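# A structural walkthrough
Below are the chains, spelled out letter by letter.
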Amino acid sequence: MKHFFLLAALAVPSIGVSAEQSLCTDTNDECVAVGQWQISLAVGGGVLTNPVVGGDNIPLLVVPYVSYYNERFFLENTTIGYTFSDAPSFDLSAILELNGEQKYFNSLHAGNIIGVESASFNDSEVLDPTSSDSQDFKDILPDIRNPNALKKLPSTDDISERDWAIDGGLLGNWYIGNAHNISAQWLYDVSGVYKGQHIKVSYKYRFQPSEQWPAKVMLSMGAHWQSDELIDYYYGIDKEDDVSRAYYYRGQQGISTFIGLALNYRLNPDWQLKFSTKRTFLANEIQNSPLITEKYQDYLFIGGQYDF
């Protein structure tokens, strides 16, 4: 779990600090002071589920938030950016950030032995039962002498390493009053790891249920398009992986969707209670990979946050 703090920062949504919040007033406690570091630490219990075969769910116990803003430059956790167009209802920034897909492929995760549910075949491959690959081919066929025998799917222990990637691109935000925000970002792999791109569009609605109740609620939803190259690099299987050719899978572009809910309850100037949850419905092109056993990925965190 050497990437625990980094993964936590990538995974946890927040109502507070955000690069998207440029509509600030003196009475808005969601604003960030220009030229000052903002550091918070959330402590509690949470989990980020892992849909990859052999990958453990990621526990979230201590979650740091770090941000800094000046008139143009900003840093927010693992994202840095420069805002070159800033209007009351719209802003446009150039950003660099870590791609989050690699967090599911930590080499410390143990493989699991499970029943075959979705193996993908290459129609051009027909194996000779007498060839050296015939034993591998048997691994995905039912054993008529032992039909209840468990078969092993490819897991994180069997495939080549999936590397961290750095993405660069554009982030645009449209603000409708103080409650509604539509954001769109286009990012490209500037590190040359997967050599692809992705686009995310989201809508967020923030509101305070009652003026007498010191709580803020955020509802979110959106869609995430990922290119052939991205899905194939992280979820495809080929000759670089130590698995049977019968499991080979070539990833194609796909769209995942997500919905989320976050609640912050302010206890005093330093402490607030936090509840956040998010469900991502994985694209069919990701679900079809032999590495994936779930149709969705969940995030949940409950705890307290201290603002330094």
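Above this text is the structure in question.
Residues numbered from 1 in each chain as written. Predicted model: local features only at pLDDT ≥ 70, side-chain atom pairs only at ≥ 80, totals over all residues. Heavy atoms only, no water.

## A look at the packing of aromatic side chains
Considering all chains together, one arrives at 11 aromatic pairs under this definition. Judged by centre distance (5.0 Å) and plane angle (45°), the rings of phenylalanine 90 and tryptophan 174 are tilted. Here the residue phenylalanine 90 occupies a position in strand E6 (residues 90-98), and tryptophan 174 occupies one in strand E7 (residues 166-176), the gap between them amounting to 84 residues. Given the relative accessible area of 23%, phenylalanine 90 is considered partly exposed. Residues tyrosine 233 and tyrosine 234 carry aromatic rings whose centres are separated by 4.8 Å and whose planes lie at 90° to one another, so their mutual orientation is edge-to-face. Here tyrosine 233 falls in the partly exposed class, since its relative accessible area comes to 22%. Its relative accessible area of 0% is what places tyrosine 234 among the buried residues. Feature note: the residues Phe105, Tyr194, Tyr233, Tyr234 and Tyr235 constitute an aromatic cluster, connected by ring pairs. (Phe/Tyr/Trp six-rings, centres within 6.5 Å; stacked < 30°, edge-to-face > 60°. Helix = DSSP H or I, 4+ residues; strand = E, 2+ residues; numbered from the N terminus. Buried < 20%, exposed > 50% of the residue type's maximum accessible area, 1.4 Å probe, protein only.)

## Some words on the pairing of strand E9 (residues 197-207)
The sheet contact formed by strand E8 (residues 180-189) and E9 spans 9 bridges and is antiparallel. The partner of tyrosine 188 across the bridge, within E9, is glutamine 197. Summarising the sheet, E9 and strand E10 (residues 215-226) pair through 10 bridges and their orientation is antiparallel. Paired with lysine 200 across the strands is histidine 224, a residue of E10. (Pairing = 2+ DSSP bridges.)

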